[in-house]
Every structure is written in structure tokens, then in C-alpha cells.
Amino acid sequence: MPRPMLLLDVDGVLNPYAALRCPAGFGEYAFFPAEEPVRLCEGHGSWLADLGEAYELIWATGWGVNANRLLAPFLGLAQLPVIQFPPAPFRPEDKVPAIAAYAEGRPAVWIDDMLTPEAYAWADQRAEPTLLIAADPAEGLTRAMVDEALSWAATLDPGPVRPRRRLTLHRRLRRLRAR
């Protein structure tokens, strides 16, 4: 089975924009001077690193390349692939075709605060394992969500052992027996 991917939104997930006040543990950053400050938690970097052990992390956000330019360094992440969406502003359901094309053939977790009926329909009809995790835009990413994604990844069948690996293991056993 191919390596699973984790599709990660920013606003409402990493940036709890709907909170009345900046949540504890978060700071406000003026990445876009003409707009509201972005609320970020440095601790999310370690959570995303944990997720990166089980998944290929993918930006699935209207931030586009700005996610790598502004957020990846803040969170201590390497540059991540970015799914291209229609120019902003776009409707939340407009993400589904781009995500469907990008995720084709691979297991996927999608974390977003605006999962639409179209997103759930897409997930239901996929042949590949798919998990949608809805974030509360006033709370953002939680450790429970990270743990849910990690637990789900552990249930995926890694597929058959490749013959090459078995042959290598067989050779190692033969060498040990010869000693």
C-alpha cells in the first residue's frame, strides 16, 4: 500500500481564527498586514513532526505557497507539497476536485474546519482508506485529533512484504546459520 498522506488546512486548523480571543499557548502574527493576525501555536510543530512519521504531510489550504514561506519555518517543518486550489476567495466545496486528483490511489487523512457534504461524499466513494477529521475553527488542531490520525495510520495494512526484502532477510539468516 502506498504511504498515506495527511492533507492539512491552515485557517481553522493551525490558525483558530474563530476564537473570541487568542487561545492560551498561541501567539498572534501579522503575516498579512491588511488582515487579521494569524494565531499560531509553536507546539503544533512537534505534533506535525509526529504526524510526519506516519504520513506524507501536504498543505491543503488557500494559503498556497505562503504556507511553506511563512508557516513551515515557524513550525520547524521542511517545505511540504502544496495542493493548488482555485484563486481565493473560493467556496469550501471547491477544494474537493483538487484534493481528489492529488490523493488518487493513496490512503488519506484530511483535516479541515470546513468539510462539506461534497468532501464526505468523496471520502465515502473512494476505494482507498480515507479519514476526514473536522476541526473547530475556534479551537484548531488538538492533540486528540493528532492521536486519532496516528491511531488510524496504525490500522492501515502496509501490504505484502516485498520479495527483495524477504530475500535479504533469508540471506541474513543463512549467514547467521553458517557461523
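Because the structure is a prediction, the values reported are computed rather than measured.

Draft legend 1. Highlighting helix 3 (residues 95-103). Buried residues of helix 3: K95, V96, A98, I99 and A103, and no others. The buried residues of helix 3 occupy an angular sector of 165 degrees when projected down its axis, which confines them to one face. Of the exposed residues in helix 3, the ones pointing more than 90 degrees away from its buried face are P97 and A101. Elements in contact with the buried residues of helix 3: strand 1 (5-8), strand 5 (108-112) and helix 4 (117-125).

Draft legend 2. Highlighting helix 5 (residues 143-155). An ideal rise of 1.5 Å per residue puts 18 Å on 13 residues; helix 5 measures up with 19 Å between its terminal C-alpha atoms. Within helix 5, the full set of buried residues consists of M145, V146, A149, W152 and A153. Each buried residue of helix 5 lies within a common arc of 130 degrees when the element is viewed along its axis, so the set occupies one face. Residues of helix 5 that are exposed and point more than 90 degrees away from the buried face comprise A144, A154 and T155.

Thresholds applied
Residues numbered from 1 in each chain as written. Predicted model: local features only at pLDDT ≥ 70, side-chain atom pairs only at ≥ 80, totals over all residues. Heavy atoms only, no water. Buried < 20%, exposed > 50% of the residue type's maximum accessible area, 1.4 Å probe, protein only. Helix = DSSP H or I, 4+ residues; strand = E, 2+ residues; numbered from the N terminus. Arc of directions from axis to C-beta. Contact = heavy atoms within 4.5 Å. Expected span 1.5 Å × (residues − 1).

No statement about biological role is implied by the geometric values presented.
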